[in-house]
Amino acid sequence: MESGMPLSGRQRALIRESWRRVSGSPVQHGLVLFGRLFDLDPDLLPLFQYNCKQFASPQECLSTPEFLDHIRKVMLVIDAAVSHLENLSCLEEYLCNLGKKHQAVGVKVESFSTVGESLLYMLEKCLGAAFSPDVREAWSELYGAVVKAMQRGWETLPEGD
């Protein structure tokens with residue numbers, strides 16, 4: 001799994017250090033990420049339905065136990081990517097399948113750029129001055145590699161699914 005150039009040792013160190021500062025409060029920081037996501041693209045809200053319930057507002061969605069569980073899962077995926085920076089290819093099959101699952105519930109590949117913007121926003125808000133241009137670039141590279149693997153899930157979906 002690659003995004004173009006492999007992450008440099010410095011980029012891996014920047015990602016690990018910044019994630020260490022964020023990962024202690026995954027739900028809190030995930031709420032920032034998804035709050036921003038819904039601000040940027042409110043049309044994504046209907047994709048999140050639990051027990052066939054449509055949410056009237058992002059705040060309503062963000063407060064449900066099911067959505068908080070989704071946040072935990074997203075943060076665990078990020079954690080897995082950070083934990084495997086030297087060998088992201090070991091996550092290839094998992095991420096490809098995750099892409100298939102997202103396609104099955106109606107997520108469009110294009111939405112991942114908005115998720116990426118939201119991830120960078122969350123990191124910037126949570127890290128403050130420590131969110132340097134180098135940290136931004138490192139995270140952008142990592143996110144690009146993750147999305148590339150997830151997009152393969154769209155490409156490998158059999159006809160009729």
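The sections below set out a description of the structure shown in this document. (Residues numbered from 1 in each chain as written. Predicted model: local features only at pLDDT ≥ 70, side-chain atom pairs only at ≥ 80, totals over all residues. Heavy atoms only, no water.)

The helix and strand inventory of the protein chain stands at seven helices and zero strands. In the protein chain, the succession of α and β elements from N to C terminus is α-α-α-α-α-α-α. For the protein chain, the C-alpha radius of gyration of 16 Å lies close to 15 Å, the compact-globule estimate for 161 residues. Referenced to the eigenvectors of the C-alpha coordinate spread, the extents of the protein chain come out at roughly 45 × 40 × 20 Å. Taken across its 161 residues, the protein chain has 39% of its residues classed as buried. Pairs at least 24 apart in sequence give 73% of the contacts found in the protein chain among residues at least 6 apart. Carbon and sulfur atoms form 53% of the exposed surface of the protein chain, whose accessible area is close to 8800 Å². Between the centroid of the 16 positive side chains of the protein chain and the centroid of its 21 negative side chains there is a distance of 5 Å. (Helix = DSSP H or I, 4+ residues; strand = E, 2+ residues; numbered from the N terminus. Rg over C-alpha atoms; globule rule 2.2 N^0.38 Å. Buried < 20%, exposed > 50% of the residue type's maximum accessible area, 1.4 Å probe, protein only. Contact = heavy atoms within 4.5 Å. Areas by Shrake-Rupley, 256 points an atom, 1.4 Å probe, with all protein chains shown as cover. Lys, Arg positive; Asp, Glu negative; His and termini not counted. Charge placed at Lys NZ, Arg CZ, Asp CG, Glu CD.)

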